[in-house]
Every structure is written in C-alpha cells, then in structure tokens.
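Below are the chains, spelled out letter by letter.
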Amino acid sequence: VVIVRKGTFEEYKLQNQVASDCALGREEAIKIVVDKLREDDIVVSTTGMISRELFEYREAKHQGHAHDFLTVGSMGHASQIALGIALQKPERRVVVSDGDGALLMHMGGMAIIGDYAPKNLVHIVFNNGAHDSVGGQPTVGQKIDVEAIAKAVGYADVISVDSQMSLMAAMNHVNCAVIEGVSLINVKVRKGNRKDLGRPTTTPQENKNALMEELKK
C-alpha cells in the first residue's frame, strides 16, 4: 500500500486534448432528463461523474435515491443491469444514464439489448468524447455514428441531440410516443465538470437495498 498526500502531484496536462465545442453541459443535460422522468421510472446510472451529478441533483431537489441504481466501479455494465430490470419489471420504465466511454467499453451489450428489444427501456448516452471521470482522456464517442450502430443492432427509436431544446423535445417524444422497442438518445455534451462536485453519501450496499425495496412495490 502506498499512501500519498492529496496535492502531492502536479495536475497532468493531456497531450491529446478533446475538442469541446458543444453548447450543452453534461450536468445541465442530466437535470433536463431528471426533470422529464416519470414518477415511477427506474434509473440505472453509469459509474463516475454521471452518477455523482445525478445523486447531487436528487439531493438538490430533496428527492430520494430509491429509484436510482448507481453503477459504482462497474464501467460499461449499467445498460445490462438496466436490461435485466426492464425484462423482470415490464410495467416499469427503465432509463439508462450512460457515458460514451462506458458504451464503447461494452458495445456488445447494445446488440443484446436490441435483440431482447424491451419496450420499457430508454438508453441515454451522455456523449462528450472523453473519459471525464478518470482524467479526460479522449474517446472516439463523437467520431463514430452511435445512431447508426443502435439502428443496426435493433434499437427501434434513435435520436441525436446537442442542445437544451432538442433534448427536451427528445424526452417529450419518448414520454409520449408509442415505441415498439428500445429508444436511444445520443446527447452530445461538452467535456468537464464542477470542481466542487461531491460524491454519493450512500454506500453501494445501501443503494442496492433501496432499489430492491422499490422494485418490490
């Protein structure tokens, strides 16, 4: 075990910077999605900044966390956890809050989702073209055609957005339209996060237990 005092090392400057000209910030986008959720929706959120921002917004709104599963330390697995819940609880809508790095890590999961094609699953990818949670290293998330991949593996409804208005319209669409299969919203956002962003104050065990109790209702 090596223990290092915080602040010992200088901040590392990436040699390959990610161009970030998107008007929409990820935390802003997460707030829009949360505000458009249905009251009984279940959210499965990927590891890192996305789960941290979701948790803080729930706290700010004085909401509980029982409807959210934060996939702490399991990058790439949120969509498959969500698929399992969606198949077992067809009466509940399940929303995946995913990142482009996580999506790329286990892209084969999209094919499984497309094959099962549950009508109650919405896959939202917050795509900033970077591994924001571990240093901002670039991904190919904004270089590839995520929408074409989703369509090719069987997603029924695919939308790409890059602004507040287009994201709100996309959420209204998935809330109101009759969609015969899985929906995907590829949300292009800029890189970066607040320096004072906190971490979840519940443990993974508490988070799991709270969700299990919610799913029993």
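Scope of this entry: the structure provided in the associated data block. These numbers come from a predicted model, not from an experiment.

Cut-offs and rules
- Residues numbered from 1 in each chain as written.
- Predicted model: local features only at pLDDT ≥ 70, side-chain atom pairs only at ≥ 80, totals over all residues.
- Heavy atoms only, no water.
- Salt bridge = Lys/Arg side-chain N within 4 Å of Asp/Glu carboxyl O.
- Helix = DSSP H or I, 4+ residues; strand = E, 2+ residues; numbered from the N terminus.
- Buried < 20%, exposed > 50% of the residue type's maximum accessible area, 1.4 Å probe, protein only.
- Core = buried A, V, L, I, M, F, W, Y, C linked by side-chain atoms within 4.5 Å.
- Contact = heavy atoms within 4.5 Å.
- Pairing = 2+ DSSP bridges.
- Axes fitted to C-alpha atoms, helices over the stretch in contact; angles between N-to-C directions.
- Parallel < 35°, antiparallel > 145°, perpendicular 65-115°, else oblique.
- Left-handed = near helix turned anticlockwise from the far one by under 90°.
- Nonpolar A, V, L, I, M, F, W, Y, C, P; charged D, E, K, R; others polar.

## Some words on the pattern of salt bridges
1) Next: Scanning the entire structure with this criterion turns up 11 salt bridges.
2) Next: The residue Asp 35 makes a salt bridge to Lys 61 at a minimum N-O spacing of 3.1 Å. With a gap of 26 residues between them, Asp 35 in helix α1 (residues 26–36) and Lys 61 in the loop between α2 (49–60) and β2 (68–70) connect regions that are remote in the sequence.
3) Next: A residue is classified by how much of its surface remains accessible, and Asp 35, at 45% relative accessible area, is partly exposed.
4) Next: Of the residues examined, Lys 61 reaches a relative accessible area of 32% and is grouped as partly exposed.
5) Next: Of the charged contacts in the structure, one is a salt bridge between Lys 217 and Glu 214, with a shortest N-O distance of 3.1 Å.
6) Next: A relative accessible area of 7% places Glu 214 in the buried class.

## Overview of the nonpolar core
1) Next: Core analysis: the largest hydrophobic core is formed by 26 residues, its most contacted members being Ile 124, Phe 126, Leu 167, Ile 185 and Val 187.
2) Next: Mapped onto this core, the elements with two or more residues apiece are α1, α2, β4 (121–127), α7 (164–176) and β8 (183–188).
3) Next: Broken down by element, the residue count for this core peaks at 5 residues, all from α1.
4) Next: Those residues within four positions of Ile 124 in sequence are excluded, and the remaining contacts are Val 33, Val 95, Val 96, Ser 97, Asp 98, Met 171, Ile 185 and Val 187.

## Quick look at the sheet that holds β2
1) Next: Taken together, the 6 strands give an open sheet; going across it, the order is β2-β1-β3-β4-β8-β7, and neighbouring strands pair in parallel fashion. Either end of the sheet is taken by a strand with one partner, and the two such strands are β2 and β7 (157–161). Here the average twist between neighbouring strands, direction ignored, is 15°.
2) Next: The pairing of β4 with β8 spans 6 bridges and is classified as parallel. Residue Val 122 lies in a different strand from β8, and its bridge partner there is Ser 183.
3) Next: Sheet contacts for helix α8 (residues 204–215): β1 (42–45) and β2; angle to β2, the most-contacted strand, approximately 150°.

## Here's the deal with the packing of α1 against α2
1) Next: At a minimum axis separation of 10 Å, α1 and α2 run at an interaxial angle of 55°. In terms of their interaxial angle, α1 and α2 are classed as oblique. Along this stretch, α1 crosses α2, giving a crossing that reads as right-handed. For the pair α1 and α2, the contacting residues are Arg 26, Glu 27, Ile 30, Lys 31, Val 34 and Asp 35 in the first and Met 49, Ile 50, Glu 53, Leu 54, Tyr 57 and Arg 58 in the second.
2) Next: Its residues assigned to classes, the contact of α1 with α2 comprises 6 nonpolar, no polar and 6 charged.

## Here we look at the packing of helix α3 (residues 78–88) against helix α5 (residues 108–116)
1) Next: Interaxial distance between α3 and α5 falls to 10 Å at its minimum, and their mutual angle equals 15°. On the basis of their axis angle, the class for α3 and α5 is roughly parallel. Here α3 and α5 pass one another in a crossing that is left-handed. Mapping the contact onto sequence places Ser 79, Gln 80, Leu 83 and Leu 87 in α3 and Gly 109, Ile 112, Ile 113 and Tyr 116 in α5.
2) Next: Looking at the contact of α3 with α5 residue by residue, the class counts come to 5 nonpolar, 3 polar and no charged.

## Quick notes on the environment of Ser 183
1) Next: Within the secondary structure layout, Ser 183 lies in strand β8.
2) Next: C-alpha of Ser 183 to C-alpha of Val 1: the two residues are 182 residues apart in sequence and 45 Å apart in space.
3) Next: Discounting residues that sit within four places of it in the chain, Ser 183 has contacts with Leu 121, Val 122, His 123, Tyr 155, Asp 157 and Val 174.

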